[in-house]
Amino acid sequence: MADDSEWMKLPVDQKCEHKVWKARLNGYEEALKLFQRIEDAKSPEWGKYLGLIKKFVTDSNAVAQLKGLEAALAFVENAHVANRTTGEVVSGVVTKVFNQPKARAKELGMDICLMYIEIEKAEVVQEELLKGLDNKNPKIVVACLETLRKALGEFGSKIVTLKPVVKILPKQFESREKAVRDEARLLAVEIYKWIRDALRPSLQNINSVQLKELEEEWVKLPSTPPKQSRFLRSQQDLKAKFEQQQVQGGEHSDDDEEEAAVAVDPYELLEPVEILSKMPKDFYDKIEAKKWQERKEALEAIETLTKNPKLENGDYGDLVRALKKVVGKDANVMLVSLAAKCLAGLATGLRKKFGTYSGQVVPTILEKFKEKKPQVVQALQEAIDAIFLTTTLQNLSEDILAVMDNKNPSIKQQASLFLARSFRHCSQATLPKSVLKPFCAALIKQVNDSAPEVRDAAFEALGTVMKVVGEKAVNPFLADLDKLKLDKIKESADKVELPGGKKGAGGAPVEKKPAAKAAPPPEAPKTSAPTKKASGAAASKPSAGPPKKGKPASGGKAKKVASDVKEVTEAELSDGVCEELAAGVLPENCLQALDSANWKERLASMEEFQKAVETMDTVTMPCQALVRMLAKKPGWKETNFQVMQMKLHIVALVAQRGQFSKTSASVVLEGLVDKVGDVKCGGNAKEGLTAIGEACSLPWTAEQLVSLAFAQKNPKNQAEALNWLANAMKEFGFTGINVKAFINNVKTALGATNPGVRTAAITLLGVMYLYMGAPLRMFFEDEKPALLAQIDAEFEKMQGQSPPAPIRFNRKSASAEDEVDEGEEQDEDGGGGGQDIMDLLPRSDISDKITSDLVSKIGDKNWKIRKEGLDEAAAIISEAKFIKPTIGELPFALKGRLADSNKILVQQTLSILQQLATAMGPGIKQHVKSLGIPIITVLGDSKANVRSAALTTLQAWVDQTGMKDWLEGEDLSEELKRENPFLRQEVLGWLAEKLPALRTVPGDLMLCVPQLYTCLEDRNGDVRKKAQDALPTFMMHLGYDKMNKATGKLKPASKDQVVAMLEKARAVMPAKPAAPAKAGGGKGSADLGGTASASAEEHPDGKPEVKKIRGGAAAKKGPGTKKPAAKGLKEEDKSGPIFIFVPNAKEQRIKEEKQLKILKWNFITPRDEYVEQLKTQMSTCLAKWLQDELYHLDFQRHVKAIGVMIERLESEREATIGCLDLILKWFTLRFFDTNTTVLMKALEYLKLLFIMLNDENYHLTEYEANSFIPYLILKVGESKDGVRKDVRAILTMLCKVYPASKVFPFLMEGTKSKNSKQRAECLEELGCLIEGYGMNVCQPTPAKSLKEIAVHIGDRDTSVRNAALNTVVAVYNVCGDQVYKLIGNLSEKEMSMLEERIKRSAKKAPVKQSASEKTQREHPANPNATFSRKPAQEDPNKLKIMYRTYKIQSRQQHNEPSHNPIPKEFKLDLEKIEEDMIRDEYKMPDLIEHNLDELLEPIIIPKFMSRNLSLHFDDVHNSTASTINYVISQVASGDINTSIQALAQIDEVLRQEDKADAMSGHIDQLLIATIMQLRLINSTHLADDRVDKKDVIKLYSCIMGSLLSLFSMESLAREASMGILKDLMHGLIMLMLDSRVEDIEEGTQVIRSVNLLVIRVLEKSDPTNLISALLVLLQDSLVSSAGSHTISDLVMKCLWRVIRFLPETIHNINLDRILLDIHNFMKVFPKEKLKQLKGDLPHRTLKTLLHSLCKLTGAKILDHLSMIENRNESELEAHLRRVVKHTGNLSGMKSDRGNEKSGLRTEERMSKAKVSDILTEIFKKIGSKENTKEGLTELYEYKLKYSDADLEPFLKNTTQVFQNYVERGLRMIESEREGKVYIQTVMPQNSCDSVLSSNEEMKPASYYYERLQILKRRCGLENTSIQAGLNSGDGESQQQPTISLMSKPAVVSSTDMLHSKLSQLKESREQYQQERSALSPTRANTRSASPAGDLDDLKKRLERIKSKLQ
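Residues numbered from 1 in each chain as written. Predicted model: local features only at pLDDT ≥ 70, side-chain atom pairs only at ≥ 80, totals over all residues. Heavy atoms only, no water.

Novice: Which residues make up the packing of helix α52 (residues 981–994) against helix α54 (residues 1021–1038), and what values do they have?
Specialist: Running from N to C, α52 and α54 point in directions that differ by 25°, and their axes come no closer than 8 Å. If you check the angle between α52 and α54, you find them roughly parallel. The handedness of the crossing between α52 and α54 comes out as left-handed. Residues Pro-981, Arg-984, Gln-985, Leu-988, Gly-989, Leu-991 and Ala-992 of α52 form the contact with α54, whose own contacting residues are Asp-1022, Val-1023, Lys-1026, Ala-1027, Asp-1029, Ala-1030, Thr-1033 and Phe-1034. Taken together, the residues of the contact of α52 with α54 break down into eight nonpolar, three polar and four charged. (Axes fitted to C-alpha atoms, helices over the stretch in contact; angles between N-to-C directions. Helix = DSSP H or I, 4+ residues; strand = E, 2+ residues; numbered from the N terminus. Parallel < 35°, antiparallel > 145°, perpendicular 65-115°, else oblique. Left-handed = near helix turned anticlockwise from the far one by under 90°. Contact = heavy atoms within 4.5 Å. Nonpolar A, V, L, I, M, F, W, Y, C, P; charged D, E, K, R; others polar.)

Novice: Lay out the pattern of salt bridges in plain terms, naming residues and giving numbers.
Specialist: Summed over all chains, the structure comprises 70 salt bridges. A salt bridge links Arg-149 to Glu-183; its shortest N-O distance comes to 2.8 Å. Of this pair, Arg-149 sits in helix α9 (residues 138–155) while Glu-183 sits in helix α11 (residues 178–195), placing them 34 residues apart in sequence. We classify Glu-183 as buried; its relative accessible area is 8%. One connected set of salt bridges, linked through shared partners, spans Glu-118, Glu-154, Arg-230 and Arg-233. (Salt bridge = Lys/Arg side-chain N within 4 Å of Asp/Glu carboxyl O. Buried < 20%, exposed > 50% of the residue type's maximum accessible area, 1.4 Å probe, protein only.)

Novice: Describe in detail the side chain of Thr-391, supporting the description with residues and values.
Specialist: Residue placement: Thr-391 occurs in the loop between α21 (374–388) and α22 (393–403). Among the polar contacts listed, one links the side chain of Thr-391 to the side chain of Asn-395, at a separation of 3.1 Å. (Polar contact = N/O pair within 3.5 Å; in protein donor to acceptor, adjacent residues only side chain to side chain.)

Novice: Outline a positive patch on the surface, listing residues and values.
Specialist: Together, Lys-1727, Lys-1731, Lys-1743 and Arg-1778 make up a positively charged patch on the protein surface. Counting through the fold element by element, Lys-1743 comes out in helix α91 (residues 1737–1753). You can call Lys-1743 partly exposed: its relative accessible area is 42%. (Patch = residues over 30% accessible without salt bridge, like charges linked within 9 Å, V, L, I, M, F, W, Y side chains within 5 Å. Areas by Shrake-Rupley, 256 points an atom, 1.4 Å probe, with all protein chains shown as cover. Lys, Arg positive; Asp, Glu negative; His and termini not counted. Charge placed at Lys NZ, Arg CZ, Asp CG, Glu CD.)

Novice: Tell me about helix α82 (residues 1589–1608), residues and numbers included.
Specialist: Within an α-helix, residues lying three or four positions from one another point in the same direction, as the helix has 3.6 residues per turn. Compared with the 28 Å implied by 1.5 Å per residue over 20 residues, the 28 Å span of α82 between its first and last C-alpha is a close match. Counting buried positions along α82 gives 15 out of 20 residues, so the element sits mostly inside the fold. (Expected span 1.5 Å × (residues − 1).)

Novice: Give me the lowdown on the environment of Pro-272, citing residues and values where you can.
Specialist: Its location among the elements puts Pro-272 in the loop between α15 (266–269) and α16 (283–286). Here the alpha-carbon distance between Pro-272 and Asn-313, two residues 41 residues apart in the chain, equals 8.2 Å. Sequence-distant contacts of Pro-272, defined by excluding residues within four places in its chain, comprise Lys-310, Leu-311 and Glu-312.

This is how it looks when you write it as structure tokens:
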């Protein structure tokens, strides 16, 4: 019970992991209650059990485990953190629960698994269960199968992924255990419920008996699909719906059933098989064998392999080509059938992956249909049907249409039947009218074929397509068919059965095969014309060509189609019939007078003719008869112009009013053309031509016109005919024009001798250019240069213009409904107008030129021959200009060259491919898979130029094809799988650029997501960055949810990272581009009234991408709007405000840029995406007309817009400021324009803008400044003076609205430009800023800025050099000589240039300085006026000593003694600081000038004027702490001089007692910096031969000096923490052991200093921290196998020394911490392990330490073990008990030792009076100058004898200086007694206690002496060796090395200056004291004050100097 009572008191979580099972059982019970009681799912209480849940389920006790499972289930169900435990808990359930005999345990285990699935962890659970199936224990396997079955039954196939389950199922049927097989059977039945027959292929190979049993079970299953009965936490809406259906009796809609029964593709459940490696090795030899049996054998082997239902992707190119060759050329029909079967198998197994090869196989199969043997035809049909499912009908269209005109009827028949079968797999979406139109045209031809089988096949194909897309969609193409044929097509459509139960557009079912991935679901039939129009337009947009190819005007297209549909046809009538018809409608006298000889009669008859036509019924008007009457003699040879005019006018009337046919037009056209050039009749002739164009369509009229015009020789007629045609194109649009015929005629016209004809031809070309774009020029490249220049000039005029909206149309239409249909067709078929234009271009077939010889050349082993082949291919393409997609074997030849080892050939191949894309146009699509994807592979090339060429080629292809074909299939994801960093970063960058512009993408893009996630964790940083950039663009199309779900397959660590990146990407995900609104259109454009105007208004809003700021006439795809209406609108809008103020819009833009939702405005040259982004942002803030002007291609429009902005600037101030960021960004774009007019206008506006901003007191934001200033500075280097002047003016004004200190860094960046003018101007501006705003403006620091500026003094350009010198002079004018320090080291030449410039240009800065100094003396209360001209913000960041040192040094280096009229030797900041602190208590001599000659005379020491002066640290400033932090940070600098200066400054602080307190709180920081510097010296400086080792020694000296000063002050030393002390001691010990230091001259002195420092650290540091540090250091040194035993030995010596001090420090020691550290040490090194070490010193050291502690504290030490956990198990406690017990026994047993102790105690108990007398006598001697050494010796011996003697009463009344002196003397004696040489501190000035005696009279003398030493150095008297004085004395030989190590005044450096200035005064005092008191020569390191030694004399001399200077 005692044990029970012990664990009963424990908390629940501790009970749950107790070793007693009853305790655990109790814990589980309580945990279960607790879990059920906690209501908050996010309670912190759940977190306590995170690591315990696995123990709950894996408990070794069955009873406890059962309760643990219940608790675990409650935890998983209720805790929000439960999902973190999924993997480990489910794994525990599988291995430790499913094997339990208790059914309850297994049931709970399953419930836990299912609960994890419910909380969204299905993937992890399923993975663990599948792992369990590999367990050897059948019980576990059965339980896992059962759990999977339950999960599937409850959650359904959408939650439980079936593919991995189906994969392992066959293996379970092979198990030896019947229970496993039975459970597998049940699981198979459950799976079948969900996916039905899709399961069968995966189980075909199991035992036939088992399969039969399964079949029987499957038959029994209900036909209704199962429903999900349990739902995830995220599916609560579905759960509610399900429960509602249950309440309603389980009724549900048919839609739900269909949704639930989503067909699962069996293909997806199969594992791919790799067959390429299994092919016979001799296959390619056998397939070429002469014996057909060998070829058959090879094909049979392939057929066997291709029977696998799913094949692994790979390079099947060679195999496909081999099979294709057999199909095409083998004479044995059996082998042809076999090869076709192999191709079918490959296509079926590879599916979309076979699409790459489809283009090369289909033409061969179609040609082979000439075979009539049924088995061959059937095999070919199967093959081509399987291939169709791997690609799209659009990709095969060229090949199919090519054989539709074949002479062989079998080929035509099979092609039509193939189309019929293919149409069954299509839908309205995949059969747009642009695809249907050519197929229907070809099939209509076959309907009239002589062969009945061809006609029947054509009827079947047309019937099928009618069934699929609907009768209404097909009817426009069937207009020419008679009713009989139409009825037959409809009959065929009725017979067509589309399996799958879905309805086609015609109302009948239409099939949607799961296998046909390329076929999206068919759309519902369109019910309204507008809806259909819109969808058609959207569907056709992606197929549009590149931007340069303009879209034909919409109305024209519509009317063209209408004319095709409703064209009026009539037979040619005889003259007699015509006369009869005319007589029926015309007056008799009119007919008789037509051929009268009297022109007046003819004119009168014409008038009657006209009246009759005007009143005639349009339906019954006999047009042909009327025009034939007009042609009756004299007809078109009429000589009277009036009659002729009337006649031509009547022709126009007849054409306009009647049913005018082409037959009628043919009668009059010749006459019209003959008169078109006539001066008087030409206008009427053109009117007639226009009317005929409206009646018979412009394309036909134009073709007849041109042929007739050039058939005659009248150049006037030719020219006017071309002029009319040019105008007619603008009015009718370009649709349907026969470009090829036109170009031939235009070339004829261009070659005409008459200039009018040539001019008209060029004008016509200009109009054609509006519609065709750049490709038009390619037809005329062979023209003469002069003519080509004229053509180019005409094209240039048209550049940027959009084609006008058509205003004339083919008016023949039957009804309004037909008109709507026409408009609809225009949208769907003509929407991709750009592509239609390209289709109009005549293309050559170059396939016959791609010979086998050329292909073999390109593939030759010799690279030169390969190059020849490529050259030939390039020449063929270049010669053909425009080519058809059929290019034979060229794609395969070029593909091989993309992988060529010769990179030059690779680049040449890429160039050919680029050329190919341009020449082939959109037809290049069918080669994307075979040639395009290999281009992507080249992006992985290691050479940047090759990758660049590949990217350019890729872009050229995408311009022609769009992105859809590239994203379809797995090709892109396969490329990303390649572990090539170059390829990955290029492809991802390309995708990131392209995806945002797409509105839709194929679903196959999802295949790239796993590779994208892999790239996010790629080792290459560039790949990771590109992947992160691409992530938001993927997400915008795929959605966050899909991409987040895809992370489920990642490893947990990877998943966390990727999910975090997804969250970030989600925040910056760009929006999908909106679908462009339809502009113009069939019906709307036909209305010539207000509708056109409305269209003009709608277009820009709906389609903002039409107009771009740069490059290309994007608006060529322009809207069908009327220009006059647009102009009127623009004028009207100008009256409103030009800027629109949108509240918080600017803040929102700033926020979006910070969140990276939009591009940051940062570029070298502006790319299109920046321009488009700015245009989009400005659209909400600017008037529409202004935005159009700002983004117009004509620069004059920019000038005009800026002019308006200038006018409105004052009236729209608020709105201008609201849009300021956008305005400034737009002007940055203008800075990149080359037009000076725009630039000057822009600068004019900017000047006015900044004046206005200044008036409004507006200040630029960082966002605005960063977007504008860098680009403004680019123009400061402009070559034109006017521009530079304006930019400088703007920069000046800019500083009024933006801080000059922030402009400064931009100008500094400008000085790095390659443009010398820009560098010079930026430097001049910097000088102006410094002159105007002082040194405060220099950012980040004056020193850094000035160093960068000074670099330009050595620039090659004279103007830059001068500007840099002027800037430095400006700095000199501000801060005087400080400039020399700030600019850093310059070459001698540059320094001389600078000095000369300063001498000539500098202002009288010293005078100002002196005045400033005087003012500061008069106003000492100003704490910031310390260093003259010093920037205010730098005061707290620098120590004054640094500036004093630099000032002295710079004068010594750069100034001659008589250089300045008023020298400033005594102008030290120190003096000012002293005055600030002392106020009026001191009367200091005001030293300004001196007479240098007097310096050679003996120095008289002046009388004392005041009490001692202390050297002040810069504590007069407000931020001392930040100053110290800054200086400490410089201690660790990699630059030796910087570190030395920082140490010197810190040393000065530590040396002054009143300042040292400022270092409190910074000790650890200082020590860390020092340790870092020691490590840096060890690792870098000592190892670097370029570093002067004297500098290293000097640095060591400064470090030691600073640390000695620090550890001389116990209050500061005790602040050092344990960890810092440990690192410090380690660093010092390593330094002592470093042999490299000893090898350096004077290195031994450094080591001796280190030795002294270590002793000082041991004495002064906090004893607790010190002992802890040494123990840890000892432990580390012993543990480290690589460590030298010397280190541990030295550490132990330090410990022994600390042990000696324990009696004095025991009361200050934290024993608990010390004992804890010892405990930890003993855990690492137990007694036995400690004894195993070499030597027993560590063991002895530890024992001695413990013994000493026990001895001093006794048994109480056992009370200090509180910090040790499990102290009973500690070896330390046992050891202490033994020691305490042992020491107690010793004191009791050995009385003689007790007597000794008692005697000692008696001796120690001296009377206080006696002690007082002795110490009083000793201190009298110390105070005496003669006996001071004797007194110190007696005091030392007294302290040795009475260690506990209290000296405090005798010292407290003395000065601090006296106390320090006593302490120092005792230390010196101690060192001498121990046989060591006392080492003076490295920097003597550090120890002021050893320098100054209690006599204060000497202080002023040393102060003046220090000043004189500086003066001597300044005047060139350095050679007077101070060292001589230092080294004099008896102890010279002993102390000289140390002194020479510490101060070398002859060396000019900042450290030496400090020595000469600060330390010498103390040393001189010490030497003076020694001389007077005749002390021991051991202190010979001090120096004499001066040879004269008379202080009064020195003072008088200095007074004389002062009086002379005044």
